[in-house]
Amino acid sequence: MATAAYPPPPPYYRLYKDYLHNPKSAPEPPPPIEGTYLCFGGNYTTDDVLPSLEEQGVPQLYPKGPNVDFKKALRSLNRDLQLHILELADVLIDRPSQYARRVEDISIIFKNLHHLLNSLRPHQARATLIHILELQIQRRKQAVEDIKRRREDAQKLLAEAVGTLDGQ
Amino acid sequence: MDIISQLQEQVDTIASLTFNMIGTLQRDAPPVRLSPDYPQPTANPPPEDFADQPKLMSAALVKAAKQFDALLTALPLAEGGEEAQMKRIAELKAENDVVGQELQRQLEAAEKELQQVRGLFSQATDNCLNLKKPD
């Protein structure tokens, strides 16, 4: 059973010999990549955006426009889906050889559904950020109140101590 | 699990119910006589409770669709779109900075007072030690 040894580490370590004494004598790390890059033979892009349905070659069944009413679109797509399933069952009874078109329609509806749900994710991310910021503000205000109260308590104790000492 | 993932899972459930239903019915349905010329085809005996399966499966499908609608109504989609959200985020960030500065000020003042008290305390203890007459 032949096992290959791991490849040796890249020889750049020699450039960092004096890093402890002089951090500037060694080269800077490479800057972050922008745009598309090649990784193990595959093309990746740094711009994480959900490709629109047209780019994937799927017809868009819900009305286009800047602000899509997600709930209404998802509800109407759900109803369309149920009707198409019923149609498929009917087609299989009467004209069984024409199932392909119906199955394709059903799969287009499913792709639209999933695309709509995926495009809700950025909205969810922003809502999560808002929630986290609100929580943080609340915690900070609480901390400010706590510190103020403790300081006042300490001042009171000191005043009492002065009073006790003077009384002696 | 968050509601969007639940919705996505519900869509997948509906899909699997659909193809299970169509597949089961297609596999198990008894054959149909095409025309009076051909003899009645011989049928494989359909499995038990075959008459109930369409009812059960269609009930499950409709229940899954209703569940999807229920989840959809529960979706907390804040109206206003992206611009409103970004504006709110900017407001919250500004408020967070203000509160953060206030917190920083309070913290520094408290630290200063703590140092003062520590200094006084060590002075007091030193005085106590110095004044205590050795027996």
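Residues numbered from 1 in each chain as written. Chains lettered and ligands numbered in written order. Predicted model: local features only at pLDDT ≥ 70, side-chain atom pairs only at ≥ 80, totals over all residues. Heavy atoms only, no water.

The name given to chain B in an unreviewed UniProt entry is Mediator of RNA polymerase II transcription subunit 21, with the source organism recorded as Erythroxylum novogranatense. What UniProt records for chain B under Sequence similarities (unreviewed entry) is the sentence "Belongs to the Mediator complex subunit 21 family." Per UniProt, chain B carries the Subcellular location (unreviewed entry) text "Nucleus". (UniProt positions renumbered as here; feature names shortened; annotations may be inferred.)

The name given to chain A in an unreviewed UniProt entry is Mediator of RNA polymerase II transcription subunit 7, with Erythroxylum novogranatense as the source organism. One UniProt comment on chain A, placed under Function (unreviewed entry), says "Component of the Mediator complex, a coactivator involved in the regulated transcription of nearly all RNA polymerase II-dependent genes. Mediator functions as a bridge to convey information from gene-specific regulatory proteins to the basal RNA polymerase II transcription machinery." Check the Subunit (unreviewed entry) section of the UniProt entry for chain A; it says "Component of the Mediator complex."

K.L.:
I'm lost on the pattern of salt bridges in this one. Help?
P.N.:
Should the charged atoms of two oppositely charged side chains come close, the side chains can pair. Evaluated as defined, the whole model comprises 12 salt bridges over all chains. A salt bridge links Glu113 of chain B to Arg151 of chain A; the shortest N-O distance between them is 3.1 Å. One end of the pair, Glu113 of chain B, is in helix 3 (residues 81-131); the other, Arg151 of chain A, is in helix 3 (residues 121-167), on a second chain. Overall, Arg151 of chain A belongs to the partly exposed group, its relative accessible area being 23%. The salt bridge involving Arg105 of chain B is made with Glu102 of chain B; its shortest N-O contact spans 2.5 Å. Of this pair, Arg105 of chain B and Glu102 of chain B are both found in helix 3, 3 residues apart, which corresponds to roughly one turn of the helix. In this structure Glu102 of chain B comes out as partly exposed when scored by relative accessible area, which is 24%. (Salt bridge = Lys/Arg side-chain N within 4 Å of Asp/Glu carboxyl O. Helix = DSSP H or I, 4+ residues; strand = E, 2+ residues; numbered from the N terminus. Buried < 20%, exposed > 50% of the residue type's maximum accessible area, 1.4 Å probe, protein only.)

K.L.:
Just to check I follow, could you spell out the pairing of strand 2 (residues 42-45) of chain A for this structure?
P.N.:
Residues and elements named next belong to chain A. As defined by bridge partners, strand 1 (residues 36-39) adjoins strand 2 across 4 bridges and the pair is classed as antiparallel. Note on strand 2: the bridge partner recorded for Thr36 is Thr45. Between strand 1 and strand 2, which pair antiparallel in sequence order, lie 2 residues; one of them, Phe40, sits at a positive phi of approximately 50°. (Pairing = 2+ DSSP bridges.)

K.L.:
Please clarify how the interface of chain A and chain B should be interpreted in this entry.
P.N.:
The accessible area lost on association of the parts is a frequent measure of interface size. Contacts between chain A and chain B engage 36 residues on the former and 41 residues on the latter. Taken as a group, Lys71, Arg126 and Arg151 of chain A account for 15% of the area that chain A buries against chain B, more than any other trio of residues on that side. Our count for the chain A to chain B interface comes out at 5 salt bridges. For Glu134 of chain A, the salt bridge goes to Arg88 of chain B, with nearest N and O atoms at 2.7 Å. Counting across the interface, chain A meets chain B through 19 residue pairs in polar contact (both at pLDDT 80 or more). Those elements giving two or more residues to the side of chain A that touches chain B turn out to be helix 1 (70-94), helix 2 (99-119) and helix 3 of chain A. The dominant element in the side of chain A that touches chain B, judged by the number of residues it contributes, is helix 3 of chain A, at 20 residues. Taken together, the residues that form the side of chain A that touches chain B break down as 19 nonpolar, 8 polar and 9 charged. (Contact = heavy atoms within 4.5 Å. Buried area = accessible area lost by both parts, 1.4 Å probe. Polar contact = N/O pair within 3.5 Å; in protein donor to acceptor, adjacent residues only side chain to side chain. Nonpolar A, V, L, I, M, F, W, Y, C, P; charged D, E, K, R; others polar.)

K.L.:
Just to check I follow, could you spell out the nonpolar core for this structure?
P.N.:
Soluble globular proteins tend to pack their nonpolar side chains together in the buried interior. Grouped together as the largest cluster of nonpolar side chains are 31 residues, with contacts concentrated most on Leu81, Phe110 and Leu113 of chain A together with Phe68 of chain B. Of all the secondary structure elements, the ones that give two or more residues to this core are helix 1 and helix 2 of chain A together with helix 1 (3-28) and helix 2 (52-73) of chain B. Per-element accounting of this core gives the leading share, 8 residues, to helix 1 of chain B. Those residues in contact with Leu113 of chain A, other than ones at most four positions away along the chain, are Leu74, Leu77 and Leu81 of chain A together with Val11 and Phe68 of chain B. Counting residues in hydrophobic clusters, the runner-up holds 6 residues, among them Ile130, Leu133 and Ile137 of chain A together with Ile89 of chain B. (Core = buried A, V, L, I, M, F, W, Y, C linked by side-chain atoms within 4.5 Å.)

K.L.:
What am I meant to see in the environment of Asp105 of chain A here?
P.N.:
Residue and element names in this part refer to chain A. Residue position: Asp105 is located in helix 2. Residue Asp105 is classed as buried on the basis of its relative accessible area of 17%. Note: C-alpha distance between Asp105 and Leu81 (24 residues apart in sequence) is 8.9 Å.

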